[in-house]
There are 2 protein chains.
Amino acid sequence: MQDFIIIGHKATTSGNFSLNDMPGSAGRMDILCRCLNSVFFLSHDLRRDVQAHLLLLGNPNPPRVIRFNGEKLRYLNPDERSAGALIKKALESDNISFLETCSTPGVWIREANLQTLLNEFVKDGRKIFYCREHGEDIRTIAEKIKNGVFILGDHVGLTEDEENLVLEKSTHIISVGPLSLHADHCIILIHNELDRLMARK
Amino acid sequence: MQDFIIIGHKATTSGNFSLNDMPGSAGRMDILCRCLNSVFFLSHDLRRDVQAHLLLLGNPNPPRVIRFNGEKLRYLNPDERSAGALIKKALESDNISFLETCSTPGVWIREANLQTLLNEFVKDGRKIFYCREHGEDIRTIAEKIKNGVFILGDHVGLTEDEENLVLEKSTHIISVGPLSLHADHCIILIHNELDRLMARK
């Protein structure tokens, strides 16, 4: 299984946002919606053996982690509004706590921060890959990134504190190509590398 | 320069559609919007040496071609609604004819079909690549696809007539990987191959 953690620094943690203004008042929620599309969609199918973890750090109730599991996921369509509607529904859940609450099939929400998420993956023996410019080229380490946990930032990247935390836990810094790309585009390139790896076996 | 032609078989050709229902009443316009994002966006920048040609074949006024030029393009943000708004504005242009009308900076609309588009590119000596499953792997022919014209279908692929037309004009059938992907994801993978090619030079 692959896991993708995407950090939305300004992404609202209230369900009271408008699907018509996700880049604005919802704090660049559109970025997280596009990442969900990239994590899960194949042509006429969903990737099943994959999870997305959206870390929402905007007001009023940060931090929130929304987990999407490809095996169980329902009601996700490719468009941004569809992803936004599932995020909104999750944020509207009653009694969000440190324990996960299921908001719709395949979607869970809880209060958790980056450190908690990373510690859980490390405890499970998972390898953590920080996706950033000037890292190792995924094409040269495709075999190693299988079953990886991939950390991606939004439009502002990671803060210094987040980066220090991730570097402490991560196995590799990886890059998808020579140019700096949006997180959702990076996810497509990571998937492609792994799809090719699986096809060769 | 790279050119991407994306065919929207059901995409409405009236500007009277709702940005809140692009997958539904606008005829899967969301697909074309995501393709625009993939064609143009880098992190904090736009790709300049590239064009997108959306071929809209839905009711009530097909066919329409909307051309987006990266060098001149303005007002495009990464979210689907932003792309949808530029498409809507183009479709609302007065007196759409066989000659291009500029609707917003870097965006032009006209009445044209696939055959016209392909003939123009062939006349200019451009190489045409049909992106489909079971084609040649782009990684093996990266050098050849530079300055290519890439044809991609929407969720229904190409019709038999369209496919025959494209096969008659195209240099190669190309594939981006072992799995069947959405058009916007294919565009990311084509760009990455060319970015890598340019970086090696």
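I will try to describe carefully the structure that is included in this document. This one's a predicted model, so the numbers in the text were calculated from it and none came from an experiment.

### A look at the overall build of chain A
Argument step 1. The helix and strand inventory of chain A stands at six helices and 10 strands.
Argument step 2. Against the globule reference of 17 Å for 201 residues, chain A gives a C-alpha radius of gyration of 16 Å, in line with a compact fold.
Argument step 3. With respect to the principal axes defined by its C-alpha atoms, chain A has extents near 45 × 40 × 30 Å.
Argument step 4. The buried share among the 201 residues of chain A stands at 58%.
Argument step 5. In chain A, 68% of the contacts between residues at least 6 apart in sequence involve partners at least 24 apart.
Argument step 6. Accessible area of chain A: about 8200 Å², with a carbon and sulfur share of 47%.

### Some points on the interface of chain A and chain B
Argument step 1. Taken together, the 37 residues of chain A in the interface contact 37 residues of chain B.
Argument step 2. Taking both sides of the interface into account, the surface hidden between chain A and chain B amounts to around 3200 Å²; carbon and sulfur atoms contribute 54%.
Argument step 3. The largest contributions to the chain A side of the interface with chain B come from R139(A), H185(A) and R196(A), which together make up 19% of the buried area.
Argument step 4. Connecting chain A to chain B are four salt bridges.
Argument step 5. Its salt-bridge partner being E193(A), residue R139(B) comes within 2.7 Å of it at the nearest N-O pair.
Argument step 6. Inspection of the chain A/chain B interface yields 23 residue pairs in polar contact (both at pLDDT 80 or more).
Argument step 7. Of all the secondary-structure elements, those providing two or more residues to the side of chain A that touches chain B are helix 1 (29-40), strand 2 (41-42), helix 2 (80-91) and helix 6 (183-200) of chain A.
Argument step 8. A per-element tally of the side of chain A that touches chain B places helix 6 of chain A first, with nine residues.
Argument step 9. Looking at the side of chain A that touches chain B, its residues break down into 13 nonpolar, 11 polar and 13 charged.

### Quick look at the packing of aromatic side chains
Two numbers describe a pair of aromatic rings. These are the distance of the centres and the angle of the planes.
All names here are of chain B.
Argument step 1. This structure, assessed with the given rule, holds four aromatic pairs over all chains.
Argument step 2. Relative to F150, the ring of F129 lies with its centre 5.5 Å away and its plane at 25°, an arrangement referred to as stacked. Separated by 21 residues along the polypeptide, F129 in strand 8 (residues 128-137) and F150 in strand 9 (residues 149-152) bring together distant segments of the chain.
Argument step 3. You can call F129 buried: its relative accessible area is 0%.

### So, the sheet that holds strand 6 (residues 101-104) of chain B
Residues and elements named next belong to chain B.
Argument step 1. Strands sit in the order 6-7-5-4-1-9-8-10 across an open sheet of eight strands; the sheet is mixed. Both outer strands of the open sheet, strand 6 and strand 10 (172-175), are each paired with one neighbouring strand and no more. Each strand of the sheet is rotated relative to its neighbour by a mean of 30°, with strand direction disregarded.
Argument step 2. As judged from the five bridges shared by strand 8 and strand 10, these two strands associate in the parallel manner. Bridge pairing in strand 10 places F129 opposite H172.

### Things to note about the nonpolar core
One recurring pattern in soluble globular proteins: nonpolar side chains tend to sit buried together.
Argument step 1. Judged by nonpolar contacts, the single largest core of 103 residues is most densely connected at M29(A), F68(A), I87(A), M29(B), F68(B) and I87(B).
Argument step 2. Look past the residues within four positions of M29(A) in its chain and what remains in contact with it is A11(A), T12(A), F17(A), M22(A), L56(A), I87(A) and L91(A).

### So, the pattern of salt bridges
Residues and elements named next belong to chain A.
Argument step 1. Using the criterion set out here, one finds 32 salt bridges over all chains in the structure.
Argument step 2. One salt bridge in this structure joins R47 and D195, with 2.8 Å as the shortest N-O distance. On the criterion of sequence distance, the pair formed by R47 in the loop between strand 3 (45-46) and strand 4 (50-56) and D195 in helix 6 is long-range, its members being 148 residues apart.
Argument step 3. Among the residues examined, R47 registers a relative accessible area of 11% and is labelled buried.
Argument step 4. The buried category is assigned to D195, whose relative accessible area is 10%.
Argument step 5. For E163, the salt bridge identified is with R132, shortest N-O distance 3.4 Å. Of this pair, E163 sits in helix 5 (residues 160-169) while R132 sits in strand 8 (residues 128-137), placing them 31 residues apart in sequence.
Argument step 6. Using a relative accessible area of 23% as the deciding quantity, one classes E163 as partly exposed.
Argument step 7. Through salt bridges with shared partners, one network takes in R28, D30, R34, E80 and D184.

About the criteria used
Residues numbered from 1 in each chain as written. Chains lettered and ligands numbered in written order. Predicted model: local features only at pLDDT ≥ 70, side-chain atom pairs only at ≥ 80, totals over all residues. Heavy atoms only, no water. Helix = DSSP H or I, 4+ residues; strand = E, 2+ residues; numbered from the N terminus. Rg over C-alpha atoms; globule rule 2.2 N^0.38 Å. Buried < 20%, exposed > 50% of the residue type's maximum accessible area, 1.4 Å probe, protein only. Contact = heavy atoms within 4.5 Å. Areas by Shrake-Rupley, 256 points an atom, 1.4 Å probe, with all protein chains shown as cover. Buried area = accessible area lost by both parts, 1.4 Å probe. Salt bridge = Lys/Arg side-chain N within 4 Å of Asp/Glu carboxyl O. Polar contact = N/O pair within 3.5 Å; in protein donor to acceptor, adjacent residues only side chain to side chain. Nonpolar A, V, L, I, M, F, W, Y, C, P; charged D, E, K, R; others polar. Phe/Tyr/Trp six-rings, centres within 6.5 Å; stacked < 30°, edge-to-face > 60°. Pairing = 2+ DSSP bridges. Axes fitted to C-alpha atoms, helices over the stretch in contact; angles between N-to-C directions. Core = buried A, V, L, I, M, F, W, Y, C linked by side-chain atoms within 4.5 Å.

Note that every value here comes from positions in space, so none of it alone points to a role or purpose.
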